[in-house]
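Chain by chain, the residues run as shown.
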Amino acid sequence: MTAEAMVTSPFTGSPADGSRPLRIALLTYKGNPFCGGQGVYVRHLSRELVKLGHSVEVIGAQPYPVLDTGATLTELPSLDLYRSPDPFRTPKRDEYRDWIDAVEVATMWTGGFPEPLTFSLRARRHLAARAGEFDVIHDNQTLGYGLLGGLGAPLVTTIHHPITVDRELDLAAAKDRKKRASVRRWYGFTRMQGRVARRLPSVLTVSGSSKQEIADHLGVQGERIHVVHIGADTDLWSPDASVAEVPGRIVTTSSADVPLKGLVHLVEALAKLRTEQPDAHLVVVGKRAEKGLVARAIETYGLQDAVRFVKGITDAELVDLVRSAQVACVPSLYEGFSLPAAESMATGTPLVATTGGAIPEVAGPDGETCLAVPPGDAGALAFALGRLLGDPELRARLGAAGRERVLARFTWAKAAEGTVVHYRAAIERAAKGAADSKAATASRSRGTR
């Protein structure tokens, strides 16, 4: 063991090496796995870190994380201004607890999204009261001002992808000046996230594509950004021959009101496809399109009976739904990783996916582990979907190759192991910095005698 590795950590009083379990605080301002990838990340990463022998405390706000056995949850409540069924609500006077609550409401009233900032401020206050209890603090893309400066333990931050990418796509989809102004106000927090990101010592991200986007959009130095791939729960997401395949079924996971997800292009592709394969139909895991581009496309093409939305199903029901499909599809214009691609591939369901963002890193080469098409190209989507629906041998070959790719590269166990490497590096870096600072102080003291 090197002398450097034996430096005593000022945060733990223990050797800063890889010989002991860690006490980890995992922060997430939005942690419910049914609300998006950040919640999925927290749930599965925390479970696998516990399996490795570490102590994990998830500190989160509403909608609260859903955790598996082992990790503990500490609730750090916001005012929950966007909760269903009364989003953008005005809190009652007795709900206000302090000035952070006032900031939260004021930001909402002016059209902004307050949660990254206000959660970071509450987290800072909470962690200050518990100084010395954690070896490392892991922030899940909050990137709020409250996380700058000393927190009582080294900070590691995951950025799945820069939210500025979402902002640009939403601005491009805005129909008029009024809508564009609204989009800019909502995404005002991205300026804060960029300023915070540039001051972080260690950033984890989920793909090489996201690493480049973080450098380009947020100005983070490349040597501070480390790729740790995430993946699928391959025990849950697995093939099952007892689940009957439904002819013509295409399944996708998408939010109808998010242009980034490309669902409107998949609906257009389905309309083209059904002129030759009338049994083709789409099941969307996500919120039903009540209005907007997707709803209009469904009505325009007369696809009301060919597109079904499902939400609120169990994990087992979701996996069986994907298993029952002849084709899984990821039509996104951009993804920082694409968990739906990895999970679908893990079941052995053949995949059609765009080449947006990091999707090719996950899905693999066209014709080997998936069929790949350009983002936003409904014609190419229709052709690839039709090709797979009409060729059982190709479906079997791509499905098997896709699962093997996920098993080899994209599992949560591998993600946890890779993340711990960077936890320990952060702890060692902080310990060395503290030792160097102490030595410099001692040297200055001797020089003044």
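Higher on the page you've got the structure.
Per chain, the residues get numbers from 1 upward, laid out in the order the sequence is written. Per-residue local features of the predicted model are confined to residues with pLDDT of at least 70, and side-chain atom pairs are confined, for both listing and counting, to 80 or more; whole-chain, interface and lining totals are unaffected and use all residues. For the side-chain quantities, the full set of heavy atoms in the structure was used; hydrogens and water were omitted.

### With respect to the sheet that holds strand β6 (residues 203-205)
Next, step 1: Strands pair, by our definition, only if DSSP identifies at least two bridges between them. Only DSSP runs of H or I with at least four residues qualify as helices, and only runs of E with at least two residues qualify as strands; both kinds are numbered from the N terminus onward. Spatially, the 7 strands line up as an open sheet ordered β3-β2-β1-β4-β5-β6-β7, and their pairing is parallel. Each edge of the sheet is formed by a strand with only one pairing partner; in this case those strands are β3 (72-75) and β7 (225-227). Between one strand axis and the next, the sheet turns by 25 degrees as a mean value, whatever way the strands run.
Next, step 2: The pairing of strand β5 (residues 155-158) with β6 spans 2 bridges and is classified as parallel. What counts as an axis is a line fitted to C-alpha atoms, over the stretch in contact for a helix, and the angles between N-to-C directions run from 0 to 180 degrees.

### A closer look at the packing of helix α8 (residues 263-273) against helix α13 (residues 378-389)
Next, step 1: Interaxial distance between α8 and α13 falls to 8 Å at its minimum, and their mutual angle equals 55 degrees. As far as their axial angle goes, α13 and α8 are oblique. Considering the relative orientation of α8 and α13, their crossing is right-handed. Here His265, Leu266, Glu268, Ala269, Lys272 and Leu273 of α8 come into contact with α13, specifically with Ala378, Gly379, Leu381, Ala382, Leu385, Gly386 and Leu389.
Next, step 2: Within the contact of α8 with α13, the residues separate by chemical class into 8 nonpolar, 3 polar and 2 charged. Geometric relationships in this document are graded by angle, where less than 35 degrees denotes roughly parallel, more than 145 denotes roughly antiparallel, 65 to 115 denotes roughly perpendicular, and other angles denote oblique. Each crossing gets its hand from how the near helix is turned against the far one by less than a right angle, where anticlockwise is left-handed and clockwise is right-handed. Whether two residues are in contact is decided by their heavy atoms: any pair within 4.5 Å suffices. The classification used treats Ala, Val, Leu, Ile, Met, Phe, Trp, Tyr, Cys and Pro as nonpolar, Asp, Glu, Lys and Arg as charged, and all other residues, Gly among them, as polar.

### Structural notes on the layout of surface pockets
Next, step 1: One number sums up the size of the second largest pocket: a volume of about 360 Å³.
Next, step 2: A 1.4 Å probe that fits into a set of points on a 1 Å grid over the protein atoms alone but cannot get out defines a cavity; an open set with protein on both sides within 12 Å along at least five of seven lines defines a pocket, and lining residues are those with an atom within 4 Å of a point. Lining the second largest pocket are 16 residues, and of these Ala153, Pro154, Leu155, Pro201 and Ala430 sit closest to its centre.
Next, step 3: When residues in the lining of the second largest pocket are grouped by element, the largest group, 3 residues, is from helix α15 (residues 412-447).
Next, step 4: When its residues are assigned to classes, the lining of the second largest pocket shows 11 nonpolar, 3 polar and 2 charged. Grid points are joined across faces, edges and corners, and a volume is the space filled by probe spheres set on the points.

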